[in-house]
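Given next are the chains, with one letter for each unit.
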Amino acid sequence: MAQIPQLKILTEREIAAIHDASMMILLDTGIMVHHEEILELLGQSGAKVNQASNIATIPEQLVMDCIARAGKQFVLHGRDKTAAAARFGYGDLVLMSSPGQYMWVDTEIGRRRPATVQDAKNAICLGDALENITIVGSMAQPEEVSEKTRDVFLTAELVKGTTKPTRCWVRNGATARYIIEIYRTIAGGEEALRSRPMVEAFLEPISPLQMPHDGLDIVKEFARAGQPVSIGPMAMTSATAPGTLAGTLAQENAEILAGVVIAQLLAPGIPITYGGIPHVMDPRTGICSFGSPEQGLMAIAMTQMGRHYGFPVYINVGLTDAKTLDSQAGAEKGTTMMLGAMAGADTFGHAGICGTDHAASLEWLIADDEIMAYVKRIMQGFDINPETLATDVVQQVGPAGNFLAQDHTVHHFRRELWIPDATWTRDAWDTWETQGATSMARRIHSEARRILKEHSVEPLEDGLAEEIDNIVTAAQRELN
């Protein structure tokens with residue numbers, strides 16, 4: 001197999017320099033922890049805690065002990081035990097649709113609007129159908145549902161609407177308990193969920209150098225239920241991180257490693273995803289950029305840092321600042337997705353987002369699915385051996401012949417060549433014109449409508465949907 005070379009931007013010396021800078025930040029500056037119980041736990045474990053400022057300074061030995069203790073591989077399962085799962089730390093490319101956006105790009109009316117419950121249901125159905133979406137997110141944050149229990153409601157819709165692993169944004173520790181109960185019900189009990197994890201907690205340290213109370217409560221619930229933890233601060237160069245990429249990487253790494261320490265103190269050995277997802281602030285607008293070239297550079301570097309510690313890595317690539325499916329979107333999404341895959345990252349996020357978290361849409365989700373299919377084919381490489389070199393076939397055909405009718409061609413071309421679906425065009429110009437001279441965006445729109453019309457989601461077992469709905473009702477009764 002011709003190997004795709006792993007892309008690197010940092011030397012071993014530079015990796016060590018970033019690590020050392022992060023250790024200095026954790027020991028000298030420290031991290032502000034907005035959670036009394038976690039602060040106490042850090043103090044008991046060797047960190048120095050200032051109760052007045054809520055700042056904990058963490059020694060390198062504690063950090064390295066927790067890195068060594070953490071799980072480095074795990075699998076997230078869907079409710080169908082025979083279906084494909086999401087594997088982290090195994091070299092797979094895992095693509096997740098967005099856990100939820102507040103606005104929705106409605107291509108029928110040509111503008112943004114607030115997301116609805118029906119948008120979420122459509123997105124879940126589409127995520128279930130698309131081959132390259134490994135983990136299905138709710139994509140929408142519908143206003144019709146109270147924010148106090150929206151995550152519980154969406155989790156229920158997810159497990160009812162797809163057989164794949166699922167994810168939505170979790171509000172706090174109180175809702176996390178109901179969400180875990182939904183997954184326990186689907187898995188068949190506490191030990192079944194622990195042995196076959198179904199969902200990953202997401203902790204987002206708030207840059208610079210803060211750990212949020214609600215986020216830590218969520219990690220407590222998920223980690224103690226045996227579910228893996230993903231840690232991903234969004235440090236932003238020139239705004240919530242230094243104005244240099246190196247400084248941003250050092251701070252981001254320090255924030256992630258502080259999260260690793262906390263997760264391991266709560267649940268020793270719990271698997272971790274290293275979420276290296278820094279961004280840059282556009283100096284003209286002051287807005288976070290999702291599609292900058294620096295995004296790709298930092299994604300490669302963060303992948304190297306995460307791999308240095310042995311973790312599976314989540315990076316923010318395959319994103320764009322564009323507002324329509326145009327050449328800017330294609331350039332930013334395709335370039336950064338390819339860079340991340342070649343760097344060796346495990347998961348990329350999130351699919352279905354328009355612009356810098358400006359909205360979500362079904363069309364953007366299909367576009368991301370197609371880009372991932374393209375990237376996967378490149379990462380697959382190709383074989384070089386006597387059979388594929390085919391010198392005997394060349395000799396048989398000879399000069400001025402053709403290979404169309406050769407058994408060798410029939411046997412190999414489907415494995416060698418990626419054949420795109422209807423959203424792409426390779427037609428002759430006249431054929432393309434006859435078929436309506438459509439853009440890819442238009443063809444994707446038609447494909448979304450076709451899938452929603454034709455795709456059938458495997459239903460839950462009898463009685464299980466009612467159990468899930470009862471959990472949602474209980475959460476709404478207690479928390480709304």
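Everything discussed here concerns the structure shown above.
About the criteria used
- Residue indices begin from 1 for each chain and proceed along its sequence in written order.
- Where local features are concerned, this predicted model is filtered to residues with pLDDT of at least 70; where side-chain atom pairs are given and counted, the filter is 80 or more; whole-chain, interface and lining totals use all residues.
- In computing side-chain values, all of the structure's heavy atoms are included and hydrogens and water are not.
- Numbering of helices and strands runs from the N terminus; a helix is a DSSP stretch of H or I covering at least four residues, while a strand is a stretch of E covering at least two.
- Exposure categories follow from relative accessible area, calculated using a 1.4 Å probe and restricted to protein chains: below 20% of the type maximum is buried, above 50% is exposed, and the middle band is partly exposed.
- Residue contacts are defined here by distance: any two heavy atoms, one from each residue, within 4.5 Å place the two residues in contact.
- The accessible surface values rely on the Shrake-Rupley method and a 1.4 Å probe; as for residues, cover is taken only from the protein chains in view.
- When charges are tallied, Lys and Arg are placed among the positive residues and Asp and Glu among the negative ones, while His and the ends of the chain are skipped.
- Charged side chains are reduced to one point each, which is NZ for Lys, CZ for Arg, CG for Asp and CD for Glu.
- In what follows, salt bridge is the name for a side-chain nitrogen of Lys or Arg lying within 4 Å of a carboxyl oxygen of Asp or Glu.
- Stacked, tilted and edge-to-face are the three classes applied to pairs of Phe, Tyr and Trp rings, where Trp contributes its six-membered ring and a pair requires centres within 6.5 Å; stacked means planes under 30 degrees apart, edge-to-face means over 60, and tilted covers the rest.
- Distance thresholds for patches are 9 Å for like charges and 5 Å for nonpolar side chains (Val, Leu, Ile, Met, Phe, Trp, Tyr), applied to residues having over 30% relative accessible area and no salt bridge.
- The definition of a nonpolar core used throughout is a set of buried Ala, Val, Leu, Ile, Met, Phe, Trp, Tyr and Cys residues joined through side-chain atoms within 4.5 Å.

Caption draft 1: Representation of the overall build of the chain. Across its full length, the chain carries 18 helices and 21 strands. Projected onto its principal axes, the C-alpha positions of the chain cover 80 × 55 × 50 Å. Here the chain holds 480 residues, and 54% of them are scored as buried. Here the analysis covers contacts within the chain between residues at least 6 apart in sequence; of these, 73% occur between residues at least 24 apart. Entry remark: accessible area of the chain is about 21100 Å², with carbon and sulfur atoms responsible for 53%. Side chains of the chain carry 39 positive and 60 negative charges; the gap between the two charge centres is 2 Å.

Caption draft 2: Structural context of the pattern of salt bridges. Applying the stated criterion across every chain, the model contains 18 salt bridges. Where Lys220 meets Asp217, a salt bridge forms, and the shortest distance between an N and an O atom there is 4.0 Å. Pair noted here: Lys220 and Asp217 are both in helix 8 (residues 213–224), with a separation of three residues, about one helical turn. Residues Lys220 and Asp217 agree in their burial class; the two are buried. The network of salt bridges with common partners includes Glu37, Asp217, Lys220 and Arg224.

Caption draft 3: View of the packing of aromatic side chains. If you walk through the whole model with that rule in mind, you get nine aromatic pairs. Consider the rings of Trp169 and Phe202, whose centres lie 5.7 Å apart with planes at 50°: the pair is tilted. Taken together, the residues Trp169 in the loop between strand 10 (166–167) and helix 6 (173–187) and Phe202 in strand 11 (residues 201–203) connect sequence positions 33 residues apart. When the centroid spacing of 4.9 Å and the interplanar angle of 65° are considered together, the rings of Trp429 and Trp432 count as edge-to-face. Of this pair, Trp429 and Trp432 both sit in helix 16 (residues 429–434), three residues apart, roughly one helical turn.

Caption draft 4: Quick peek at a nonpolar patch on the surface. Taken together, Phe382, Ile384 and Leu389 make up a surface patch of nonpolar side chains, about 310 Å² in accessible area. Position of Ile384 relative to the elements: it lies in the loop between helix 12 (362–380) and helix 13 (386–389). Assessed through its relative accessible area of 53%, Ile384 is described here as exposed.

Caption draft 5: View of the nonpolar core. In this structure, Leu42, Ile58, Ile272 and Phe348 are the most contacted members of the largest nonpolar core, which totals 115 residues. By residue number, the principal contributor to this core is helix 9 (residues 245–266), which donates twelve residues. Setting aside residues up to four positions removed in sequence, Ile58 forms contacts with Leu26, Leu27, Ile31, Leu42, Ala47, Val63, Ala258 and Val261. One finds Phe74, Val94, Met96 and Ile135 within the second-largest nonpolar core, a separate group that totals seven residues.

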